[in-house]
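Descriptive analysis of the structure
Listed below, chain by chain, are the residues.
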Amino acid sequence: MKIGRFAALALALIGSTAHAQLPASAKREAWLVAGLQQPAQIIVDRWGISHIYAGSVRDAFFLQGYNAARDRLWQIDLWRKRGLGRLSASFGPAYVAQDRAARLLLYRGDMAREWASYAPGAKDAVTAWVEGVNAYVAEVRAGAKPLPIEFRLTASQPETWRPDDIPHIRSHTLVGNVTSEVARAQVVCAGGVAADRLRRKIEPTSHKLVVPDGLNPCDVPADVLNDYILGTEQVSFAALAGRRTAALDPRAQLAERIDSTSGEGSNNWTISGSRTATGRPILANDPHRAVGVPSLRYIVHMEAPGLSIEGAGEPALPGVSLGHNADVAFGLTIFPIDQEDLYVYETNGDAYRYKDGWEPMKVVRETIEVKGEAPREVELRYTRHGPVLKIEPAKHRAFALRTVWNEPGAEGYFQSSRLWRAKSWADFEGGRDAWGTPPLNLVYADRSGVIGWSAAGLTPVRPNWDGLMPVPGDGRYEWAGFLPGAELPWIKNPAKGWFATANAMNLPKGYPDEQRKVSFEWSDPSRITRIEEVLAAEPKATIRQSMALQTDTVSAESRRLRALLRADMGQTPPAQPGSNLARAIELLEAWNGDERTDSVPAAIYEVWVSGYLGKGAAAMYAPQAARDLIGQGSLDAVISFLESGEAGPRRKLLLLATVGAAVQELEQRLGPDMSTWTWGRLHRVEFQNPAGVLADRETAAGMAVGPVAVPGSASTPRAATYRPELFTQVAGASVRMVLDVGQWDNSTVVNTPGQSGDPANRHYRDLFAPWAAGEYVPLRYTRPAVEAAAETVLDLTPRR
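Worth saying up front: this structure is predicted, and the values here are computed from it rather than measured. (Residues numbered from 1 in each chain as written. Predicted model: local features only at pLDDT ≥ 70, side-chain atom pairs only at ≥ 80, totals over all residues. Heavy atoms only, no water.)

Notes on the pattern of salt bridges
- Applying the stated criterion across every chain, the model contains 54 salt bridges.
- A salt bridge links R170 to E411; the nearest nitrogen and oxygen atoms lie 3.8 Å apart. Here R170, found in the loop between α8 (165-168) and α9 (178-191), pairs with E411, found in the loop between β16 (397-403) and α12 (425-434); they are 241 residues apart in sequence, far enough to count as distant.
- Assessed through its relative accessible area of 1%, R170 is described here as buried.
- R476 is paired through a salt bridge with D474; the nearest N and O atoms lie 2.8 Å apart. (Salt bridge = Lys/Arg side-chain N within 4 Å of Asp/Glu carboxyl O. Helix = DSSP H or I, 4+ residues; strand = E, 2+ residues; numbered from the N terminus. Buried < 20%, exposed > 50% of the residue type's maximum accessible area, 1.4 Å probe, protein only.)

Thoughts on the pairing of strand β17 (residues 440-446)
- The element β17 is extensively covered by neighbouring structure, given that 7 of its 7 residues are classed as buried.
- A two-sided burial pattern is seen for β17, the buried positions comprising L440, L442, Y444 and D446 on one face and N441, V443 and A445 on the other.
- Examined bridge by bridge, strand β9 (residues 328-334) and β17 share 7 bridges and lie antiparallel to one another. If you follow I334 over to β17, its bridge partner there is L440.
- Pairing of β17 with strand β18 (residues 451-456) involves 6 bridges; the strand directions are antiparallel. Paired with L440 across the two strands is A456, which belongs to β18.
- Here β17 hands over to β18 after 4 residues, with G449 in that stretch at a positive phi of 105 degrees. (Pairing = 2+ DSSP bridges.)

So, the state of the cysteines
- Enumeration according to the criterion identifies 1 disulfide in this entry.
- Put simply, C189 and C218 are joined by a disulfide, and their sulfur atoms are 2.1 Å apart. For the disulfide bridge between C189 and C218, the dihedral angle about the S-S bond is near 105 degrees, and by the sign convention the bridge is right-handed. One end of the pair, C189, is in helix α9; the other, C218, is in the loop between α9 and α10 (226-232), with 29 residues separating them in the sequence. (Disulfide = S-S within 2.5 Å.)

Topic: helix α6 (residues 122-141)
- Taking 1.5 Å per residue, 20 residues should reach 28 Å; α6 reaches 28 Å between its end C-alpha atoms and fits that length.
- Of all 20 residues that make up α6, 14 are buried, and the element is covered over most of its length.
- Looking one or two places after α6, you find G143, whose phi comes out positive at around 85 degrees. (Expected span 1.5 Å × (residues − 1).)

Focus on the sheet that holds β9
- Spatial strand order, β1-β29-β2-β3-β6-β7-β8-β9-β17-β18-β20: 11 strands in an open sheet with mixed pairing. Either end of the sheet is taken by a strand with one partner, and the two such strands are β1 (27-33) and β20 (490-492). Here the average twist between neighbouring strands, direction ignored, is 15 degrees.
- When β1 meets strand β29 (residues 790-798), the two strands line up parallel, connected through 7 bridges. If you follow A30 over to β29, its bridge partner there is D795.
- Where α12 meets the sheet, its contacts fall on β17, β18 and β20, and the angle it forms with β18 comes to roughly 15 degrees. (Axes fitted to C-alpha atoms, helices over the stretch in contact; angles between N-to-C directions. Contact = heavy atoms within 4.5 Å.)

This is the structure we're talking about:
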């Protein structure tokens, strides 16, 4: 390209800003960037959100990768190393087992089919994004850009990427339900089918659990998922810090994984203009995942000829997963399609029985680089169904995972590439039909006023079983393809004028789930119950009301237990009058369910249900051999059982004893004065940078964020899932977004704790306080609005 054309383009891209009324505090920086093809700009606003203006779609994705590395290099580099099984190369021999497990779960299918499964141009977007990351990595390795502190603490360096790296990695994506299958098999082995009702509720409730023909649940060992858990868990640096962590019992490890993923869901809703104050649709979304530092998600705005998108996505993926373009808004929550099965085989050496013969396992040999030591050679085994997770030679058994991860087009969230340029409901349906993982409730709204919802995701067809337990791998239980997207539930322009989802059972009345077997395991209905009652009560909704609803702290689930307390205690004094136990029951019965930080009954309730009610119910109603396996169980399952007639008169004794145990714990934790037992004294949030264990005390403190008291719990719309032992929040909304469809500058957003991954950057933690307080910042879209909020303008020129 001639210099004159570069100058003309530069004037078009940069000149407008040069003559705009930028804030007096805005800084301008000129950067030369190798690999950039045309002049471009990145405007970073006062909240750390980057707005990318490029001369071509290729450059937009190149700069997204370059900018992701600028803000989150350590995070995305670790994402890649963990996913590909390359931790040992940077951190040493303590990570060999985790690397092997991660490699076992890589996508190993046909790459031509894989790339063809996404939107046209998706491979070009990934290639450009990777080139942008590599351009920044080259600058860091050359000393031209700073090396993030975590690399210095771990004595490691960022690596370069290849485009195929991204679709090869599947293990960061939420899918289900193999962990529940194994837990269920263990409970059924110990206590029979009925014992599992306290561990997990099955919905629709008319569905009956049946042990698959040919399966002995007792054949499923407690540690069968060790490699699966190791290959999907986050990276810990305790070993590098010289800290020894006690090995968990396999059953405790499985329970911990199930508990941790149970808090990962989301809320979303879409409201028709007929029910808003402005006459325009509103779309709101707050995905719930593990919260920490840096944030799981990253907000970005990208503009180029042929591309205009804004929203939040995974820092290590091109584009956005939820947000909007000029015409359409889209959001997501988990719709828990059953996308996994555990297969149990009879084996003869490295062969497994299949139908009337024996099939050899496929053996893949790989070399794991190890920092400071010789490479390790490892073997990975696969059956026709998928990776072999465990072999028991003495028992002539093996176990393998079948998962949609192995299917083309199942890279997590990347089918959103089909929504970036959507202009209509038909385009939205096309994205729905191609969606792979994670399985989602997709919500939609457009400038013409159309709103709607559809479930989306690869849905295995299981002709002769329900997917709730492991099955023999001898050919009797095979997937028969996948359901067409249109056979998943959906609705366009609902008559009530809005639609909301929160991971709960939302199959429409009459949906043939017994035939299609989409899912039988759902989140509890507490969040959606509260969301629906608030939306139904507001005929003219506003952006501010949706913001308030995303941070609402009323637990609808608590009403059910308070009703049981009132029914069982009646006029009979439950305890010595004036005692803390009697006062606690009185407070619970009178409580409105709002889990504010200053609420005493909220503290009593949460200590009760998280530490005592479930275990007490298991001890009272489950066979002894199954009690430890059930643990606390699912609170929704426990409450549903107690609401049924099966609980009997012992229910009152259970409620009284378990509330009493909670009161005793609070007395020990917080002292005898009940008036001081506020929820905020227990329920706090603090983010520790995982690499902080390698730093000195002062540096580690500078990498941490918080603590601060927070309201709510997992059962409130403001999802604030905590660890029961410490009550520290570990999951919730990483991003909250409320979109004014068609007037995009009115939209609001908040990330936590900030957009940057650099502890020295103010955008590392500047959004933490607003997020914790339930506040938002503007999400600007039009060029004048973006310029008015500019903090830094990066004028980017190709390096020749």
